[in-house]
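As a plain string of letters, each chain reads:
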Amino acid sequence: MNTARLHQRFLLCSGANTDTRKIKQGSMYFALKGENFDGNLFAADALAAGARYVVVDDKLVAESSEQYILVKNVLESLQKLALFHRNYLGIPILAITGSNGKTTTKELINAVLSRKFKTIATHGNLNNHIGVPLTLLSMDQQTEFGIVEMGANHPLEIAFLCTIANPDYGYITNFGKAHLEGFGSLEGVVKAKTELYHYLQEETKLIFLNLDDEVQQKHRNYKHTFAFGENPESEVQVKYLDGEKYAGVHYNQTDFISKLTGNYNGRNMAAALCIGLYFKVPFDEIEKAIAAYSPDNNRSEMIEAGSNTIILDAYNANPTSMQAALQNFTSLKTDKQKIAILGDMFELGSSAPVEHQTIITDAENGNLTEIYLLGDNFNLTETSSSFTFKFKSMEALKNHLEETNFNNCYFLIKGSRGMALERVLENIPAEKSSKK
């Protein structure tokens, strides 16, 4: 079945789905295949769960019923359908990528733009070759603006995602030492992430720039740009309120204060402010949107636990984001003792030993009271301080936390997703934690 005919069927559905455990009544199920699964085998289950159509690429599974749609390759059909649907809707699409802060920035931008438009944004971090098509297919004729997050861990992935989303606007949060195993080096990261800007330039579309970023400054000579930053050449010139408990930005005699911790989030807030101003969202609505946004999913969350304060930033980590989190933590104005709980950073390849050692060396030179390390890589680092403690297992770390009477302490919890450091939360205070 060609894409146009498939799209006609899709318009009769309530959405797209690739997981039979999450089927929505009347949706279109795409039977994707992977190394350890074959969605074709669950096509009948999808129909039984309420799917209207199932898209399969196995002739042995496809039945004569019109509910079965046989295609050559399900994944390619999903991606082609997403592009067709995106062009059918004809709405503006903003693409976001970067090494750190993609999801937080995407959520902030969505919070701001939704004050004026009916928006659809990437759910969670569904930002790959499957997630991007599903995001586009979640948009309908009531959608006025689409916000698509794009992730990558190898070269040319962003370029490919651009051919699916066909964005009109784009923004790169930053360039950091993330996924070095796939990109090879920081230079590789820069080259891969700027595939978004190159695509937009080739299509004569607009790019948003952080003009304080040396890499992004190089794109200023492209005539279709709109920039923010402390740089006086920015269209939206801001001042960052660093060193405070919550991230803040000053613009046009107004302080924009968030519920986000970490001065690095000031840049993410400024991006949302800049984009909101470009699309003429009312100024007071931008201020309200940023102030109301509350982080979740272990990203830059501030938790008050009795006399203790916890910065939970355990969704993910790489050397750049870890360094930024530590720098922010050490710069915080507080009388409390500062304790960093750090977990291994993944996907660094041969750079892992050096990067983990650099983090510990820098951390030990900060104003921290204690440092707790968990993970194979951190356990291999060399330490010379009496306040750095290594733990072989999560159980050992939790036992230590459980047995220690913490009072009037400030904690930073940071590590890669696989470390799941949020598990230590229940072991820090004696009383129940509550988000503030």
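Everything below is about the structure shown above.
Predicted model, so just to flag it, every value in this text is computed and none were measured.

Peer 1: Explanation requested: the overall build of the protein chain in the structure shown.
Peer 2: When you go through the protein chain residue by residue, the secondary structure sums to 16 helices and 21 strands. Projecting the C-alpha coordinates of the protein chain onto the three principal axes gives extents of approximately 70 × 50 × 40 Å. Of the roughly 19,400 Å² of accessible surface on the protein chain, 47% is carried by carbon and sulfur atoms. The averaged location of the 51 negative side-chain charges in the protein chain is 5 Å from the averaged location of its 42 positive side-chain charges.

Peer 1: What should I look at first to understand a nonpolar patch on the surface in this one?
Peer 2: Judged by side-chain polarity, Leu-11, Phe-84 and Tyr-88 come together as a nonpolar surface patch covering roughly 260 Å² of accessible area. Mapping Tyr-88 onto the fold places it in helix 3 (residues 74-89).

Peer 1: Teacher, can you tell me more about the sheet that holds strand 2 (residues 28-30) here?
Peer 2: Strand pairs in the sheet, formed through backbone hydrogen bonds, run parallel or antiparallel to each other. Spatially, 1-2-3-4 is the arrangement adopted by the four strands of the open sheet, whose pairing is parallel. Each having just a single partner strand, strand 1 (16-17) and strand 4 (68-70) make up the two edges of the open sheet. Inspection of the sheet shows strand 1 paired to strand 2 by two bridges, in the parallel sense. Among the inter-strand pairings, Ala-16 is bridged to a residue of strand 2, identified as Met-28. Sheet contacts for helix 1 (residues 3-10): strand 1, strand 2, strand 3 (53-56) and strand 4; angle to strand 2, the most-contacted strand, approximately 130°. Sheet strands in contact with helix 3 are strand 2 and strand 3, and its direction is about 135° off that of strand 2.

Peer 1: Would you take a moment to explain unusual backbone geometry for this structure?
Peer 2: With glycine set apart, most residues show a phi of negative sign, and most peptide bonds adopt trans. Within the chain, Asn-166 stands out as a residue other than glycine whose phi angle is a positive 45°. Secondary-structure assignment places Asn-166 in the loop between helix 6 (157-165) and strand 8 (169-172). Positive phi, close to 60°, is recorded for Glu-347, a residue that is not glycine. Following the sequence through the fold, Glu-347 ends up in the loop between strand 17 (337-343) and helix 14 (352-364). Glu-347 sits in the partly exposed class, given a relative accessible area of 36%.

Peer 1: Honestly, the nonpolar core in this entry has me stumped. Any pointers?
Peer 2: Where a protein is soluble and globular, its nonpolar side chains tend to be buried together. Membership of the largest hydrophobic core comes to 106 residues, with the highest contact counts inside it found for Met-28, Phe-208 and Leu-342. When residues in this core are grouped by element, the largest group, seven residues, is from helix 11 (residues 265-278). Apart from residues no more than four positions distant in its own chain, Met-28 is found in contact with Leu-6, Arg-9, Phe-10, Cys-13, Gly-15, Ala-16, Asn-17, Tyr-53, Val-55, Ile-69 and Leu-81. With 22 residues, the next largest nonpolar core counts Met-394, Leu-397, Phe-406 and Phe-411 among its residues.

Peer 1: What am I meant to see in the packing of helix 1 against helix 3 here?
Peer 2: Relative placement of two packed helices is described by the angle separating their axes and the distance separating the axes. As a packed pair, helix 1 and helix 3 sit with axes 10 Å apart at the nearest point and diverge in direction by 75°. With respect to helix 3, the axis of helix 1 lies roughly perpendicular. Two secondary-structure elements touch here, helix 1 through Thr-3, Ala-4, Leu-6, His-7 and Phe-10 and helix 3 through Ser-77, Lys-80, Leu-81, Phe-84, His-85 and Tyr-88. Looking at the contact of helix 1 with helix 3 residue by residue, the classes come out as six nonpolar, four polar and one charged.

Peer 1: What is the right way to read the sheet that holds strand 10 (residues 225-229) from this model?
Peer 2: Spatial ordering of the open sheet is given by 6-7-5-8-9-10-11, a layout of seven strands whose pairing is parallel. Whereas interior strands pair on both sides, the edge strands pair on one side only; in this sheet they are strand 6 (119-121) and strand 11 (236-237). Taken together, the four bridges between strand 5 (residues 93-97) and strand 7 (residues 145-149) define a ladder with parallel strand orientation. Considered in strand 7, the bridge of Ile-96 is made with Glu-149. Across the sheet, helix 11 is in contact with strand 5, strand 8, strand 9 (206-210), strand 10 and strand 11; its angle to strand 10 comes to roughly 140°.

Peer 1: Sorry if this is basic, but what is going on with the layout of surface pockets here?
Peer 2: Over the atoms a probe the size of a water molecule is rolled, and this reveals where empty space is left. Approximately 1,200 Å³ is the volume attributed to the second largest pocket. Together, 41 residues line the second largest pocket, and Ala-16, Asn-17, Thr-18, Asp-19 and Leu-134 are the ones closest to its centre. Taken together, the elements giving at least two residues each to the lining of the second largest pocket come down to strand 1, helix 3 and helix 5 (131-137). Here the lining of the second largest pocket gets four residues from one element, more than from any other, and that element is helix 3. Here the lining of the second largest pocket is composed, by residue class, of 18 nonpolar, 16 polar and seven charged.

Peer 1: Just to check I follow, could you spell out the environment of Asp-284 for this structure?
Peer 2: Among the structural elements, Asp-284 can be located in helix 12 (residues 283-292). Judged by its relative accessible area of 38%, Asp-284 is partly exposed. Taking the C-alpha atoms as reference points, Asp-284 and Thr-254, 30 residues apart in sequence, are found 10.0 Å from one another.

Peer 1: Help me understand the pairing of strand 3 in this model?
Peer 2: Residues in a regular strand point their side chains to alternate faces of the sheet. Judged by which residues are buried, strand 3 turns out to be covered on both faces: Tyr-53 and Val-55 on one side and Val-54 and Val-56 on the other are all buried. Relative to strand 3, strand 2 runs parallel, the two being bridged by three bridges. Bridge pairing links Tyr-29 to Val-54 in strand 3. In the classification by handedness, the crossover that spans strand 2, the intervening helix 2 (residues 43-48) and the parallel strand 3 is right-handed.

Peer 1: Would you mind going over empty space enclosed by the protein with me for this structure?
Peer 2: Using the criterion set out here, one finds one cavity of 30 Å³ or more in the structure. Volume-wise, the largest cavity comes out at about 30 Å³. Every residue lining the largest cavity is listed: Leu-241, Asp-242, Gly-243, Glu-244, Lys-245, Tyr-246, Ala-247, Gly-262, Asn-263 and Asn-328. Its residues assigned to classes, the lining of the largest cavity shows three nonpolar, four polar and three charged.

Cut-offs and rules
- Residues numbered from 1 in each chain as written.
- Predicted model: local features only at pLDDT ≥ 70, side-chain atom pairs only at ≥ 80, totals over all residues.
- Heavy atoms only, no water.
- Helix = DSSP H or I, 4+ residues; strand = E, 2+ residues; numbered from the N terminus.
- Areas by Shrake-Rupley, 256 points an atom, 1.4 Å probe, with all protein chains shown as cover.
- Lys, Arg positive; Asp, Glu negative; His and termini not counted.
- Charge placed at Lys NZ, Arg CZ, Asp CG, Glu CD.
- Patch = residues over 30% accessible without salt bridge, like charges linked within 9 Å, V, L, I, M, F, W, Y side chains within 5 Å.
- Salt bridge = Lys/Arg side-chain N within 4 Å of Asp/Glu carboxyl O.
- Pairing = 2+ DSSP bridges.
- Contact = heavy atoms within 4.5 Å.
- Axes fitted to C-alpha atoms, helices over the stretch in contact; angles between N-to-C directions.
- Buried < 20%, exposed > 50% of the residue type's maximum accessible area, 1.4 Å probe, protein only.
- Core = buried A, V, L, I, M, F, W, Y, C linked by side-chain atoms within 4.5 Å.
- Parallel < 35°, antiparallel > 145°, perpendicular 65-115°, else oblique.
- Nonpolar A, V, L, I, M, F, W, Y, C, P; charged D, E, K, R; others polar.
- 1 Å grid on protein atoms, 1.4 Å probe; cavity = no way out; pocket = protein on both sides within 12 Å on 5 of 7 lines; lining within 4 Å.
- Points joined across faces, edges and corners; volume = space filled by probe spheres on them.
- Right-handed = clockwise from strand over helix to strand, strands pointing away.

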